[in-house]
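Examination of the molecular architecture
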Amino acid sequence: MSTSGGSQPLWGADGRELFYVVPTGELMRVAVPPSASRSTAPPEILIKAGYVTNLVGQYGRSYDISPDGKRFVMIKRRGSGEVASAASVTVVLNWVEELKRLLPLE
């Protein structure tokens, strides 16, 4: 699949695509057919460099994919290669239930 190395592999939800990061920082995608031969298509660049892909001292991936496979979440670099900072990030789990609590539909 990769002739130049890759890291942070992630299977697509349908199991027919494999995503990974190459040393130059691009996010790659390769189609993997369900056949027993496992002959893959050539990899393609999905997202060009400009995002954080090497988390020094960290484990896991620097990106993730939505369950429908149509969106990615990544950390964008600023112009000089530095990472943009934020004061905080809020993640709301079970947001539908929270919305129902705040806006009763009765």
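Quick note: structure is the one above.
**A short note on the nonpolar core**
- Listed in full, the eight residues of the largest apolar core are Leu10, Phe19, Val21, Leu27, Ile47, Tyr63, Ile65 and Met74.
- Looking at this core, the elements that each hand over two or more residues are β2 (17–21) and β5 (63–65).
- Apart from the residues lying within four places of it in its own chain, the contact partners of Ile65 are Leu10, Phe19, Arg71 and Phe72.

**Details of the sheet that holds β2**
- Taken together, the four strands give an open sheet; going across it, the order is β1-β2-β3-β4, and neighbouring strands pair in antiparallel fashion. Each edge of the open sheet carries a strand with a single partner, namely β1 (7–11) and β4 (44–47). Each adjacent strand pair in this sheet contributes to an overall mean axis angle of 30°, direction not counted.
- With five bridges joining them, β2 and strand β3 (residues 27–31) adopt antiparallel strand pairing. Residue pairing for β3: Val21 is matched across the bridge by Leu27.

**Side note on unusual backbone geometry**
- The backbone of Gln8 sits at a positive phi, close to 55°, despite the residue not being glycine.
- Relative to the helices and strands, Gln8 is located in strand β1.
- Exposure remark for Gln8: the relative accessible area of 13% places this residue in the buried category.
- If you check the backbone angles, Asn94 has positive phi at about 55° while not being a glycine.
- Looking at Asn94, the relative accessible area reads 63%, which means it is exposed.

**Looking at the packing of aromatic side chains**
- All chains considered together, the criterion is met by two aromatic pairs.
- With 5.3 Å between their ring centres and 75° between their planes, Phe19 and Phe72 make a pair best called edge-to-face. Here the residue Phe19 occupies a position in strand β2, and Phe72 occupies one in strand β6 (residues 72–74), the gap between them amounting to 53 residues.
- Judged by its relative accessible area of 1%, Phe19 falls in the buried class.

The rules behind the values
Residues numbered from 1 in each chain as written. Predicted model: local features only at pLDDT ≥ 70, side-chain atom pairs only at ≥ 80, totals over all residues. Heavy atoms only, no water. Core = buried A, V, L, I, M, F, W, Y, C linked by side-chain atoms within 4.5 Å. Buried < 20%, exposed > 50% of the residue type's maximum accessible area, 1.4 Å probe, protein only. Helix = DSSP H or I, 4+ residues; strand = E, 2+ residues; numbered from the N terminus. Contact = heavy atoms within 4.5 Å. Pairing = 2+ DSSP bridges. Axes fitted to C-alpha atoms, helices over the stretch in contact; angles between N-to-C directions. Phe/Tyr/Trp six-rings, centres within 6.5 Å; stacked < 30°, edge-to-face > 60°.

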